[in-house]
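The chain contents come next:
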Amino acid sequence: MARNLVRGLLQVLTNRYSPLAHKQLSQESNALTHSRQIVTVIGCGDIGRRLAQRLPQAQYQVMGIRRRPPEDSANIRYRAADVQDSASLAAALSHHSDVVVITLTPAAYTDSGYRETYVQGTGNLLAQLRRQARPPRLVVYVSSTSVNGQAQGEWVNEDSATQPASFNGQRLLEAERLLQDSELNAVVIRFAGIYGPGRDRLLQRVWRERGVLSGADHYTNRIHADDCGAAIAHLIEQQRLGTALQPLYLGSDSLPVRASEVQHWLARQMDLLAEPVGEPTGDPANTPESEPGAAAGGKRCCNQRLLDSGFSLQYPDYRVGYGELLRAFLQRRAASGECGE
């Protein structure tokens, strides 16, 4: 009996550690890897990279589609395609995608450039997705608050009228409507002005003009690029967990503020303004009952729907977001021998 027990134990150990067993374990591991949901990001640039960093790699595999893709990274596999080229698009989307995120950049910052990319390109993309045997469970379309044409300091939310005055807002709204008519399960997120690392045009302007800035003192709305990626990841994960999403969200931080307020604050942080001009106040974005005030123009975006979905902003206002950017900006100025005097 003892001999049989020993033989049994030896057999178990042999099976467990044999090359065949290792192969079986490897196959099981690969199966688990392939069970990850595929998120395909069309126009995978800065926002796509930030999205990929926030999706759990145990659950998601990110495929980035670009006209000129870089080398694969640790969390993104790239393919080449152009939304204007249906053949390349068909080849790049030959795989099934559980989620498709559309974040496009216009071929040129002209009316025709926006039409080609956002209207025609989105049409080509939707046609390709409709040809697939199994549609994605979710399509997330990145749009802009420029589709809201309000310009008298009004509060806007997802239910506000869309009457864009600019060509870019008009073309984006056309693209949104194509998506709404596609019968795909889709969500649009309209981002306000995006800032973050590599997007320091305002910092450069304040520094260059030594804090003496001119121009209309209109309301401005912004969102940090990290919060853009995080917001998209949040919606994707919420839908995977069974939460019903709204068809539209405004992506902005919680403090719409006049342009002069941001500029003066930045100038003070750079020691370009000797006299303080008062503490920033802004208008909290979750209080749309506030009075419009005496703004020269612009609008104020309410992000309450996004917050109500359970999303938390890492950078709830410009002071938090720009504080981090300012440190890096001033370090670069100091390293180059520049100063604010």
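Predicted model, so just to flag it, every value in this text is computed and none were measured.

Caption draft 1: Inspection of the confidence of the model for the chain at higher detail. The predicted model of the chain averages 86 in pLDDT, with 81% of residues at 70 or higher. Under a pLDDT of 50 for its full length, residues 287–295 has, in the predicted model, 15 contacts with residues more than four places off or in other chains.

Caption draft 2: Structural view of the pattern of salt bridges. Going through the model one piece at a time under the given rule, you end up with 13 salt bridges. Put simply, Arg50 and Asp46 hold a salt bridge, and the shortest N to O gap is 2.9 Å. With a gap of 4 residues between them, Arg50 and Asp46 both fall in helix H3 (residues 46–54), about one helical turn apart. Of the two residues, Arg50 and Asp46, neither departs from the other in class, the shared state being buried. Of the charged contacts in the structure, one is a salt bridge between Arg240 and Glu237, with a shortest N-O distance of 2.7 Å. With Arg240 and Glu237 both in helix H8 (residues 225–240), this residue pair falls 3 residues apart, about one helical turn. Arg240 sits in the partly exposed class, given a relative accessible area of 31%. Overlapping salt bridges bring together Asp46, Arg50, Arg54, Arg199 and Asp226 as one network.

Caption draft 3: Structural view of the side chain of Glu176. By the element assignment, Glu176 lies in helix H6 (residues 167–180). A relative accessible area of 1% places Glu176 in the buried class. Not counting residues up to four positions away in its chain, the partners in contact with Glu176 are Ser143, Val147, Val188 and Arg190.

Caption draft 4: Quick look at the environment of Gln120. Structurally, Gln120 can be placed in helix H5 (residues 111–131). For the pair Gln120 and Leu178, spaced 58 residues apart in sequence, the C-alpha separation works out to 9.8 Å. Those residues in contact with Gln120 that sit more than four places away from it in its chain are Gln84 and Arg115.

Caption draft 5: Geometry of the pairing of strand S5 (residues 138–144). Counting buried residues in S5 gives 7 out of 7 residues, a clear majority hidden from the surface. Here S5 shows no split at all, with Leu138, Val140, Val142 and Ser144 on one side and Val139, Tyr141 and Ser143 on the other all buried. In this region the chain leaves strand S4 (residues 99–102), passes through H5 and returns to the parallel neighbour S5; the handedness of that crossover is right-handed. Sheet topology note: the S5/strand S7 (residues 186–191) ladder contains 6 bridges and is parallel. For Tyr141, the partnering residue across the bridge sits in S7 and is Val188.

Caption draft 6: Expanded view of the packing of helix H7 (residues 201–208) against helix H11 (residues 318–335). At a minimum axis separation of 11 Å, H7 and H11 run at an interaxial angle of 55 degrees. Relative to H11, the element H7 is oriented oblique. H7 and H11 meet at a crossing whose hand is right-handed. Contacts from Leu202, Leu203, Gln204 and Trp207 of H7 reach H11 at Tyr322, Leu325, Leu326, Phe329, Leu330 and Arg333. Looking at the contact of H7 with H11 residue by residue, the class counts come to 8 nonpolar, 1 polar and 1 charged.

Caption draft 7: Highlighting the nonpolar core. The biggest cluster of nonpolar side chains holds 32 residues, and the ones touching the most others in it are Val39, Val101, Ile232 and Ile236. Going through the elements one at a time, strand S1 (37–42), H3, strand S2 (60–66), strand S3 (76–80), S4, S5, S7 and H8 are the ones with two or more residues in this core. With 8 residues, H8 is the largest single contributor of residues to this core. Aside from chain neighbours lying at most four places away, what touches Val39 is Leu55, Tyr60, Gln61, Val62, Met63, Val99, Val101 and Ile236. Membership of the second largest hydrophobic core comes to 26 residues, among which are Ala92, Val100, Tyr114 and Ala175.

Caption draft 8: Focus on the environment of Tyr114. Among the secondary structure elements, Tyr114 is positioned in helix H5. For Tyr114, a relative accessible area of 10% corresponds to the buried category. Beyond its immediate stretch of four places on either side in the chain, Tyr114 contacts Pro106, Ala108, Tyr109, Val119, Phe167, Asn168 and Arg171.

Caption draft 9: Inspection of the sheet that holds strand S11 (residues 248–251) at higher detail. With parallel pairing, 7 strands are arranged side by side in an open sheet as S3-S2-S1-S4-S5-S7-S11. Two strands lie at the open edges of the sheet, namely S3 and S11, each paired on one side alone. When strand polarity is set aside, the average angle formed by the axes of neighbouring strands in this sheet is 20 degrees.

Caption draft 10: Up close: H6. The end-to-end C-alpha distance of H6, which contains 14 residues, comes to 20 Å, matching closely the 20 Å that a straight helix rising 1.5 Å per residue would cover. Taken together, the buried positions of H6 are occupied by Gly169, Arg171, Leu172, Leu173, Ala175, Glu176 and Leu179. In this structure, the buried residues of H6 make contact with H5, S5 and S7.

Here is what the cut-offs are and how they apply
- Residues numbered from 1 in each chain as written.
- Predicted model: local features only at pLDDT ≥ 70, side-chain atom pairs only at ≥ 80, totals over all residues.
- Heavy atoms only, no water.
- pLDDT = per-residue confidence, 0-100.
- Contact = heavy atoms within 4.5 Å.
- Salt bridge = Lys/Arg side-chain N within 4 Å of Asp/Glu carboxyl O.
- Helix = DSSP H or I, 4+ residues; strand = E, 2+ residues; numbered from the N terminus.
- Buried < 20%, exposed > 50% of the residue type's maximum accessible area, 1.4 Å probe, protein only.
- Right-handed = clockwise from strand over helix to strand, strands pointing away.
- Pairing = 2+ DSSP bridges.
- Axes fitted to C-alpha atoms, helices over the stretch in contact; angles between N-to-C directions.
- Parallel < 35°, antiparallel > 145°, perpendicular 65-115°, else oblique.
- Left-handed = near helix turned anticlockwise from the far one by under 90°.
- Nonpolar A, V, L, I, M, F, W, Y, C, P; charged D, E, K, R; others polar.
- Core = buried A, V, L, I, M, F, W, Y, C linked by side-chain atoms within 4.5 Å.
- Expected span 1.5 Å × (residues − 1).

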